[in-house]
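# Coordinates in review
Chain by chain, the residues run as shown.
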2 protein chains.
Amino acid sequence: MPLFERMTVVGVGLIGGSLAKAAKERGLVGEVLGFGRTTANLDVARARGLVDRVVTSDAEAADADLVVLATPVATCESIARRFRPHARPTTILTDVGSVKGGLVAALETAWGDAARVVGAHPIAGSEAAGAAAARPDLFEGRLCILTPTPRTDPVACERVRRLWTGIGARVETMAPKTHDRIVARISHLPHLVAYALVTAAVGRSEDGRAVLDYAGTGFLDTTRIGASPAEIWRDIALANRDAIAPALADFRSALAELERLMAAGDGQGLERALAAAAAARRALGGKG
Amino acid sequence: MPLFERMTVVGVGLIGGSLAKAAKERGLVGEVLGFGRTTANLDVARARGLVDRVVTSDAEAADADLVVLATPVATCESIARRFRPHARPTTILTDVGSVKGGLVAALETAWGDAARVVGAHPIAGSEAAGAAAARPDLFEGRLCILTPTPRTDPVACERVRRLWTGIGARVETMAPKTHDRIVARISHLPHLVAYALVTAAVGRSEDGRAVLDYAGTGFLDTTRIGASPAEIWRDIALANRDAIAPALADFRSALAELERLMAAGDGQGLERALAAAAAARRALGGKG
């Protein structure tokens, strides 16, 4: 017997589509409905077998055991509010948003039945986007953070946990605010930095040569996530700006210290600072 | 007939070792001598067949058709000065340093015979280091920038060019200052940013959880070059600080603008800025 008889995925992109396909392949869901804004993307989702059926009305979409919101963060609350009147009394609402604090609170209010709202954030993905990029192994070995609140029903939380562990993810639980502060530093800040690095190079030339023509693997690695969809990251940056601000301040301080050491010609101090960072980075190893 | 009967590589690390091995495999050099500070690394170089012989005196090392300096930038000038009395009248001196302006000028002076100094910078490599990481295909399809000056003998420059094209690199020629301004933006700035990103995360915890434990592929990609050897990057940062400073300033402005848009809650402006960067980054494609 599947964990959920029917699951609706709202936003069948990289994350939603990968979750749908993985859950279907593992027999964790009986039927997967796809719902979204863009017909062309939903056609791809169906053609690739990510979803069983595409539905187009809120009423059809909300009639499920589990509704997964996999759309940009700023859209989640209004979708929850629209779906609520059509949902079953037992429908569990979850999401995959990269920000949890404000979002989970908003979803609890919008959904009415706060006990059946389970915030989730799979730390996976790439700069790729859309149903065409979805793949069922995306979450294997990856971390998925669940952020239940005091209002969350432990049984609902456990069912969502089993969905994620069932498709190969490691699941960890923490408070929404803790989640937001951690990802501000290890995900949101690096994204903003990558966008800014590209911005600082775009259109620049030296002696008639476009500097971006000389980008090597270093630049490409460092800026890879700067190709991520702007709409998604606009929402994340705005929703988590309170946690991002101190992370940005710490980053600016670290960079300013390197610049100070350079300007002072302090080779020893500079080497010490770079070596400490390099050792910490090496300890993290290769691919996450 | 090989391009160079005998080539000495000073510093048989990732770059020097890869060049040595590739040149040997392609028959571009008759004999390769290895010279360096660290016996253990030279043992690895010989065991892996990167060099034919290890030499330990300046006199033996300088007795070659081509001397390649592949050591940290700050060490090159003094090595050139030490080698000069032992070199042949025809010995060509080249290097692989990531900074060219000041270095090439210093090498021209130290070598005396400025015509036979050819600055080179292969834009390849990784955060790995040492003879153990060397591989003969490292430069295939990669760019190598040559920076001849008005004093450089065109024949010497052409021979160095044929060495690099012979091992699969694309070669481009430009003035040392132009090179330095370009790599400040597409290589040196990203390195400093990567080190600073790691520094801003090291040792931080939220609610008892170390934030680095949650690093995903995004953080790891963005900071990969932050694992690069501190000694090498100390020298590069100091040698090219004049060109790095304006690149850093532009980066800081781009980041500050994103922060301003976030603080103002300007979703439209933020999306526009992120979308412009994302489009430019996507245009660069994947691996360099």
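Remember, predicted model here, so these are calculated numbers, not experimental data.

## Regarding helix α11 (residues 267-284) of chain B
- End to end, α11 of chain B covers 26 Å across 18 residues, agreeing with the expected 26 Å (1.5 Å per residue, within 8%).
- Residues of α11 of chain B that are buried: Gly267, Gly269, Leu270, Leu274, Ala277, Ala278, Ala280 and Arg281 of chain B.
- Turning to α11 of chain B, the residues buried within the fold contact α7 (176-201), α8 (217-223) and α9 (230-239) of chain A together with α10 (241-263) of chain B.
- Following α11 of chain B by one or two positions, glycine 285 of chain B has its phi on the positive side, about 75°.

## Regarding the interface of chain A and chain B
- Opposite the 84 residues of chain A that make contact, chain B presents 84 residues.
- Looking at the side of chain A facing chain B, the largest losses of area belong to Tyr214, Met262 and Arg281 of chain A, adding up to 9% of the total buried there.
- Seen at the junction of chain A and chain B, the total is 10 salt bridges.
- For the salt bridge of arginine 209 of chain B with glutamate 172 of chain A, the shortest nitrogen-to-oxygen distance reads 2.8 Å.
- The interface formed by chain A and chain B contains 24 residue pairs in polar contact (both at pLDDT 80 or more).
- Within the residue set of the side of chain A that touches chain B, elements represented by two or more residues are β8 (143-146), β9 (170-173), α7, α8, α9, α10 (241-263) and α11 (267-284) of chain A.
- Here the side of chain A that touches chain B gets 15 residues from one element, more than from any other, and that element is α7 of chain A.
- The residue inventory of the side of chain A that touches chain B, partitioned by class, reads 47 nonpolar, 16 polar and 21 charged.

## Overview of the sheet that holds strand β4 (residues 66-69) of chain B
Residue and element names in this part refer to chain B.
- Spatially, the 6 strands line up as an open sheet ordered β3-β2-β1-β4-β5-β6, and their pairing is parallel. Of all strands in the sheet, those with a lone pairing partner are β3 (53-54) and β6 (117-118), marking the two edges.
- Examined bridge by bridge, strand β2 (residues 29-35) and β3 share 2 bridges and lie parallel to one another. Directly across from glycine 34, in β3, lies its bridge partner valine 54.

Calculation notes
Residues numbered from 1 in each chain as written. Chains lettered and ligands numbered in written order. Predicted model: local features only at pLDDT ≥ 70, side-chain atom pairs only at ≥ 80, totals over all residues. Heavy atoms only, no water. Helix = DSSP H or I, 4+ residues; strand = E, 2+ residues; numbered from the N terminus. Expected span 1.5 Å × (residues − 1). Buried < 20%, exposed > 50% of the residue type's maximum accessible area, 1.4 Å probe, protein only. Contact = heavy atoms within 4.5 Å. Buried area = accessible area lost by both parts, 1.4 Å probe. Salt bridge = Lys/Arg side-chain N within 4 Å of Asp/Glu carboxyl O. Polar contact = N/O pair within 3.5 Å; in protein donor to acceptor, adjacent residues only side chain to side chain. Nonpolar A, V, L, I, M, F, W, Y, C, P; charged D, E, K, R; others polar. Pairing = 2+ DSSP bridges.

All we've got here are geometric facts, nothing functional implied.
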